[in-house]
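Structural description and commentary
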Amino acid sequence: GAGQDVGKSCVIVSMGGKKIMFDCGMHMGYQDERRFPDFSQISKTGDFTHEIDCVIVTHFHLDHVGALPYFTEVCGYEGPVYMTYPTKALAPIMLEDYRKIMVDRRGEEEQFSTLHIQQCMKKVIAVDLRQTIRVSRDLAFRAYYAGHVLGAAMFYVKAGNSTVVYTGDYNMTPDRHLGAAQIDRLKPDLLITESTYATTIRESRLAKEAEFLNVVHTCVSKGGKVLIPISALGRAQELCILLDEYWERMNLKVPIYFSAGLTMQSNAYYKLLISWTNQRIKDTYVTRNAFDFKHVFPFDRTQLDGPGPCILFATPGMLTGGLSLEVLKHWAPVEQNLLIIPGFCLAGTVAQKLCSGKPTRVEVDKRTTIDVRCQIHLLAFSAHTDAKGIMDLVRQVEPHNVILVHGEKLKMDVLKARINNELGIPCHNPANHDVVEVPSHCLFNVEASKELVSLSMSSYYSSTQSAMEDSMTSDRCKPGIPVEGIVLTTNSSKIKLVHPFEVPSVLGEPKHDISFS
């Protein structure tokens, strides 16, 4: 999954004799068998527990965790599953909300039950940032802060001598409630990075916020209603903080609503997990918790056709069903109302159709069309990094190879060329089911004899005609100087490198001369 596509992230990495699954998501743009990853590619017999050594989930969004209950409870994977503490707390809320929308309200066939979600979460092992977890003797990993949403993490994995960094989704710039991604200069064999905005350089956050507040204020001052379809966690809290502070500053009385239940439950976790937010919220939460909104209230369906202006945050974010689609049917035919689409839209979704030009009618399914007379405003309040952020991360991590996932093919091709040409790093962007092989670098210490170092440097500098007296006396080779010698191993497993001239004396053997006549 997520090969030349945004949706159902699922990447299998085989290295050092181990097999790791990164993320196990679903595709929000499909309602058929393409919704979940094709797990038959992993094992034809269905014995996933012996095929996969562990599953690592980067964050709670459904395109990264949505297929996990299906994989563990229906497909039968019994191995370890790892994610951060906030992800373990918030993922079951997202999964249950999705199940309710698709099964209870739309009557679709159930892919997994509430019990499956509960049983799946019992198998999850929660991890903390920068904590080294040893899965087995030859397999270990460490999580790094990714920004993006609460609890999102990038993972550095080491199996044998091979290393990989898998980013999941991340943000290289801080926002109102989260900090920027942070990772060490790890120099892994492979970096697997998202590329949602592979060719986009985003405008400043402050300019976007000012535009958002302006269009919302203009609409409600004329008596209009504002619908903001949004995923329940992440951008929702970000925009609530923004509006709540603006309403307080401007002394506005227009009600702001949030689809109830899910968000109130998730806000409780946000209040508890302050340590995962940015410094501004940590510094002020003793006097006032930023997630205690003064002007935001739960939404009741009886208010759907109520009089007067209001603002509503409703799930799901791409208008694929649920409350956001129901409200759109009621509010879209009214010219003074406003629809704000605050993030990335998958092809085929209602949100994407509304962003394409100025539609007067939009088809939801074969039986339902909606008259669209309301204003439509697209504002990229994305928690993903942009093209500059991706390049900055690649420079920071210094990988030997890069693979791009979670993006659109044409945009990936542009970024792939930039990474190849500007950074000189081999880069790939495989499609789903493609296999990419990259070499891993095995680094180990070798004890070199003084004779070898001296003669190697002497030979190198004389050939480059830049002999340096002090270099000849050094007992260490300078980086980049080729060394040619004989490798000797001892019973103590030490590796020693000696000059060919030294071999007879080191091995205690007589020197032999061969003459040709």
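Reference entry: report on the structure contained in this document. (Residues numbered from 1 in each chain as written. Predicted model: local features only at pLDDT ≥ 70, side-chain atom pairs only at ≥ 80, totals over all residues. Heavy atoms only, no water.)

Across a sheet, strands are paired by hydrogen bonds formed along the backbone, either parallel or antiparallel in direction. Ordered in space as β6-β7-β8-β9-β10-β19-β20, the 7 strands form an open sheet in which the pairing is mixed. The open sheet terminates on both sides in strands that have one partner only, identified here as β6 (132–136) and β20 (427–428). Inspection of the sheet shows strand β10 (residues 190–194) paired to strand β19 (residues 402–405) by 4 bridges, in the parallel sense. From the neighbouring strand, Thr193 faces β19, where its bridge partner is Leu404. Relative to the sheet, helix α12 (residues 387–397) contacts β8 (153–159), β9 (162–166), β10 and β19, its axis offset from that of β10 by approximately 160°. Here helix α13 (residues 409–423) sits on the sheet in contact with β19 and β20, set at roughly 165° to β19. (Pairing = 2+ DSSP bridges. Helix = DSSP H or I, 4+ residues; strand = E, 2+ residues; numbered from the N terminus. Contact = heavy atoms within 4.5 Å. Axes fitted to C-alpha atoms, helices over the stretch in contact; angles between N-to-C directions.)

Time to look at the side chain of Thr163. Its location among the elements puts Thr163 in strand β9. In this structure Thr163 touches Met15, Tyr156, Val157, Lys158, Lys187, Pro188, Asp189 and Leu190, once residues within four positions along its chain are discounted.

It is worth spelling out the environment of Ile495 at this point. For Ile495, the position within the fold is in strand β23 (residues 495–498). Sequence spacing of Ile495 and Asn445 is 50 residues, and the spatial spacing of their C-alpha atoms is 7.7 Å.

Roughly 1000 Å³ of internal volume is contained in the largest pocket. If you go around the largest pocket, you meet 41 residues; those closest to its centre are Val11, Ile12, Val13, Asp434 and Val435. The biggest single contributor to the lining of the largest pocket is strand β1 (residues 11–15), with 5 residues. When its residues are assigned to classes, the lining of the largest pocket shows 21 nonpolar, 11 polar and 9 charged. (1 Å grid on protein atoms, 1.4 Å probe; cavity = no way out; pocket = protein on both sides within 12 Å on 5 of 7 lines; lining within 4 Å. Points joined across faces, edges and corners; volume = space filled by probe spheres on them. Nonpolar A, V, L, I, M, F, W, Y, C, P; charged D, E, K, R; others polar.)

Overall, mixed pairing links the 3 strands, which are arranged β21-β23-β22 in an open sheet. Edge strands, defined here as strands with exactly one partner in the open sheet, are β21 (447–448) and β22 (486–489). Bridge count for β21 against β23 is 2 bridges, and the pairing is parallel. Among the inter-strand pairings, Ala448 is bridged to a residue of β23, identified as Leu497.

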